[in-house]
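Listed below are the residues making up each chain.
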Amino acid sequence: DKYGDKRRTEIIDAEADVADEDLIPVGDVIISLSTSGYIKRLPIDTYKLQNRGGRGVKGMSLNEDDVVDQSITLSTHDQLLMFTNKGKVYRIKGFNVPEASRNAKGIPVINIINIDIINIAYINSFFFSSCIAIIVPPPYRVLNWLCKSS
């Protein structure tokens, strides 16, 4: 008897159903999208609260003629909606946008999904219980439905 005691744990052959989402911690992030279509994710604690007279911090490196078009705050497990100019909506989880440093430009959206994005929004997974319709101006027609999948 090499160890002196009997084994206290039990070793069994079993398959575990572990999704990638289960391994990623839930946390608040900021997702920024530039007019040239660069996107990145930053932890929310990258930015600090400043009082009066604060100088601000740089949030994204950009090309000469590029500006930050949108910045939204969401959880890593919330749904990020990506709207195209053709009326289509694509949805991905917040953690699927690659994390980058404050001074990074990000990556082109076309590297995440093969489309040109014109707008982004998010839905908290807890409140997303039915469908969303994309409706365009007159003659007011529905272009697309996005329904929750189980």
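Heads up: the structure comes first, above all this text.
Residues numbered from 1 in each chain as written. Predicted model: local features only at pLDDT ≥ 70, side-chain atom pairs only at ≥ 80, totals over all residues. Heavy atoms only, no water.

Q: Could you give an account of the overall build of the chain, with specific residues and numbers?
A: Of regular secondary structure, the chain possesses one helix and nine strands. Mapped from its N terminus to its C terminus, the chain presents α and β elements in the order α-β-β-β-β-β-β-β-β-β. In the chain, buried positions account for 30% of the 150 residues. Taking the contacts inside the chain whose residues are at least 6 apart along the sequence as the reference set, 65% of them involve residues at least 24 apart. Looking at the chain as shown, the accessible area adds up to about 11,000 Å², and 49% of this sits on carbon and sulfur atoms. (Helix = DSSP H or I, 4+ residues; strand = E, 2+ residues; numbered from the N terminus. Buried < 20%, exposed > 50% of the residue type's maximum accessible area, 1.4 Å probe, protein only. Contact = heavy atoms within 4.5 Å. Areas by Shrake-Rupley, 256 points an atom, 1.4 Å probe, with all protein chains shown as cover.)

Q: Hey, could you go over the nonpolar core for me, with residue numbers and the actual values?
A: Among the nonpolar cores identified, the biggest contains 14 residues, and Ile-31, Ile-39, Leu-80, Met-82 and Ile-120 are the most heavily contacted of them. Of all the secondary structure elements, the ones that give two or more residues to this core are strand S1 (28-34), strand S3 (68-75) and strand S4 (79-84). Ranked by residues supplied to this core, first place goes to S1 with three residues. Excluding anything up to four places from it in sequence, Leu-80 contacts Ile-31, Ile-39, Ile-72, Tyr-90, Arg-91, Ile-92, Val-97, Ile-120, Ala-121 and Tyr-122. (Core = buried A, V, L, I, M, F, W, Y, C linked by side-chain atoms within 4.5 Å.)

Q: So what about the sheet that holds S1? Which residues, and what values?
A: If you trace the four strands from one edge of the open sheet to the other, you get S3-S1-S2-S6, paired in antiparallel fashion. Every interior strand has two partners, whereas the edge strands, S3 and strand S6 (107-108), have only one. In this sheet, strand S2 (residues 38-43) lies alongside S1 in antiparallel orientation, the contact comprising five bridges. Pairing of Val-29 across the sheet is with Pro-43, part of S2. (Pairing = 2+ DSSP bridges.)

Q: Outline the pattern of salt bridges, supporting the account with residue identities and numerical values.
A: A side chain of one charge can pair with a side chain of the opposite charge when the charged atoms of the two come close. The full count for this structure, using the stated rule, is three salt bridges. In this structure, the salt-bridge partner of Arg-41 is Glu-99, at a minimum N-O distance of 3.4 Å. Taken together, the positions of Arg-41 in strand S2 and Glu-99 in the loop between strand S5 (89-93) and S6 put the pair 58 residues apart, joining distant regions of the chain. Relative accessible area serves as the criterion here: at 11%, Arg-41 is assigned to the buried category. (Salt bridge = Lys/Arg side-chain N within 4 Å of Asp/Glu carboxyl O.)

Q: A description of the side chain of Asp-78 should follow, citing residues and the corresponding values.
A: Position of Asp-78 relative to the elements: it lies in the loop between S3 and S4. Separated by 3.1 Å, the side chain of Asp-78 and the backbone nitrogen of Ser-75 make a polar contact. (Polar contact = N/O pair within 3.5 Å; in protein donor to acceptor, adjacent residues only side chain to side chain.)

Q: Please give an account of the side chain of Arg-41 that cites residues and values.
A: A polar atom in the side chain of Arg-41 sits 2.7 Å from the backbone oxygen of Val-97. Among the polar contacts made by the side chain of Arg-41, one reaches the side chain of Glu-99 at a distance of 3.4 Å. Apart from residues no more than four positions distant in its own chain, Arg-41 is found in contact with Val-29, Ile-30, Ile-31, Thr-76, Gly-94, Phe-95, Val-97, Pro-98, Glu-99 and Ala-100.

Q: Please provide a residue-by-residue account of the environment of Glu-99, values included.
A: Exposure remark for Glu-99: the relative accessible area of 48% places this residue in the partly exposed category. Sequence separation of Glu-99 and Ile-39 is 60 residues, and the distance between their C-alpha atoms is 9.5 Å. In this view, Glu-99 contacts Arg-41 and Pro-43; residues no more than four positions away in its chain are not counted.

Q: Please set out the pairing of S1 residue by residue, giving values where relevant.
A: Counting buried residues in S1 gives six out of seven residues, a clear majority hidden from the surface. Taken together, the seven bridges between S1 and S3 define a ladder with antiparallel strand orientation. Looking at the pairing, Ser-32 lines up with Ser-71 of S3. Where S1 folds back onto S2 in an antiparallel hairpin, the turn is made up of three residues, including Gly-37, whose phi is positive at roughly 90 degrees.

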